[in-house]
Amino acid sequence: MIKNIIFDMGNVLLDYNPEVSLRLFFDNEEDRKIIRKELFEGPEWIQGDLGWMDNGTRYETIKKRIPEHLHPGLKDCVYQWQICMRPLPGARNFVFSMKEKGFNIYVLSNASDTFYEYFPKFLPLDFFDGVMISADVHLIKPDIRIYKTFLEQFHRKPEECLFIDDRKNNVEGAEAAGMRGIIFNNDFQRLSEILHDL
C-alpha cells in the first residue's frame, strides 16, 4: 500500500527551463549555445548539485573557457538562472490534494543549495513531511544510494513509497531501491488516475 509520495522538483513541481535565462541574457543563438553547453550541460552543474561547488567557483571556472564578452551574461545566468523555476500549472493543487488524501508528501531532487532560496516560494519546506536534495547528501539521482539514504533518513519502507520524476533513469533508480515509480509527463489528471488505481 502506498503511503508516501516522493516528488522530484524540476519539471514535476517547478518548470526547470534554462532557455528562459539564456534568452533573457543573450541576444543570439550562437552565444546561447556556448553558455548552454558550458554552464547547464557542463561538469560544474553536476558539481553544484553534488554540493561540491558554489556559484562563485562555478562562474570563475567556466569563464576561463568562454570568450570574455560572454562573461557578464554568464554571471547573470549563474546567479539568476532560477528565474525559470515557476510552479507548473496544477502542481500546487495536486500536492495539496494528495496531502488531504492522507499521503505523506516528500521532495527528493537533484539540486544545489540555492534550492533553499527559490523552492520555499513554491511551498514552505515545513509543508512537506521531508525534503532531501542531492547537495546535502553529496549523492545524485539515479545513484541508488540517494534513494536508500532517503529511506533511511525518513524511516520509510520502500514498498510504501511512490516516486515521481520526469526522467526515466531517475525513476528506474527509485525502482531499483524497491519503490514504485512513475514517469511524469506533465499531466496531473493522469497522475491522479494512476494513484487512484494503486
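Residues numbered from 1 in each chain as written. Predicted model: local features only at pLDDT ≥ 70, side-chain atom pairs only at ≥ 80, totals over all residues. Heavy atoms only, no water.

Novice: Would you mind showing me how to read the overall build of the protein here?
Specialist: Check the secondary structure of the protein and you find 11 helices and seven strands. In terms of overall size, the protein behaves like a compact globule, its C-alpha atoms giving a radius of gyration of 18 Å where 198 residues would be expected to give roughly 16 Å. With 198 residues in all, the protein has 49% of them scored as buried. Taking the intrachain contacts of the protein between residues at least 6 apart in sequence as the baseline, contacts between residues at least 24 apart amount to 64%. (Helix = DSSP H or I, 4+ residues; strand = E, 2+ residues; numbered from the N terminus. Rg over C-alpha atoms; globule rule 2.2 N^0.38 Å. Buried < 20%, exposed > 50% of the residue type's maximum accessible area, 1.4 Å probe, protein only. Contact = heavy atoms within 4.5 Å.)

Novice: Sorry if this is basic, but what is going on with the packing of helix α6 (residues 91-100) against helix α11 (residues 188-197) here?
Specialist: Pairs of packed helices are described in terms of their axes, by the angle between the two and the distance that separates them. Between α6 and α11, the shortest axis-to-axis distance is 11 Å and the interhelical angle comes to 15 degrees. With respect to their mutual orientation, α6 and α11 come out roughly parallel. Crossing geometry of α6 relative to α11 is assigned as right-handed. Counting all contacts with α6, which are made through Ala-91, Phe-94 and Met-98, the residues of α11 involved are Phe-188, Leu-191, Ser-192 and Leu-195. Tallied by class, the residues present in the contact of α6 with α11 amount to six nonpolar, one polar and no charged. (Axes fitted to C-alpha atoms, helices over the stretch in contact; angles between N-to-C directions. Parallel < 35°, antiparallel > 145°, perpendicular 65-115°, else oblique. Left-handed = near helix turned anticlockwise from the far one by under 90°. Nonpolar A, V, L, I, M, F, W, Y, C, P; charged D, E, K, R; others polar.)

Novice: Explain helix α4 (residues 55-62) to me, please; I cannot follow it from the model alone.
Specialist: Owing to its 3.6 residues per turn, the α-helix brings residues three or four apart onto one side. Those residues of α4 that fall on the buried side of the exposure criterion are Asn-55, Arg-58, Tyr-59 and Ile-62. Seen end-on, α4 carries its buried residues on one side only, within an arc spanning 95 degrees. Turning to α4, the residues buried within the fold contact α2 (29-40), α3 (43-49) and α5 (71-80). (Arc of directions from axis to C-beta.)

Novice: What is the right way to read the pattern of salt bridges from this model?
Specialist: A side chain with one charge can pair with a side chain of the opposite charge if their charged atoms come near. All chains considered together, the criterion is met by 14 salt bridges. Note that Arg-32 is salt-bridged to Glu-29, the shortest N-O span being 3.2 Å. On the criterion of helical spacing, the pair formed by Arg-32 and Glu-29 is a turn pair, its members being three residues apart in helix α2. Taking the relative accessible area as the measure of exposure, Glu-29 reaches 39% and is therefore partly exposed. The shortest N-O distance in the salt bridge between Lys-141 and Asp-165 comes to 2.8 Å. Within this pair, whereas Lys-141 is found in the loop between α8 (134-137) and α9 (144-154), its partner Asp-165 is found in strand β6 (residues 161-165), the two being separated by 24 residues in sequence. Residues joined by salt bridges that share partners form a network here, namely Glu-19, Glu-29, Arg-32 and Arg-36. (Salt bridge = Lys/Arg side-chain N within 4 Å of Asp/Glu carboxyl O.)

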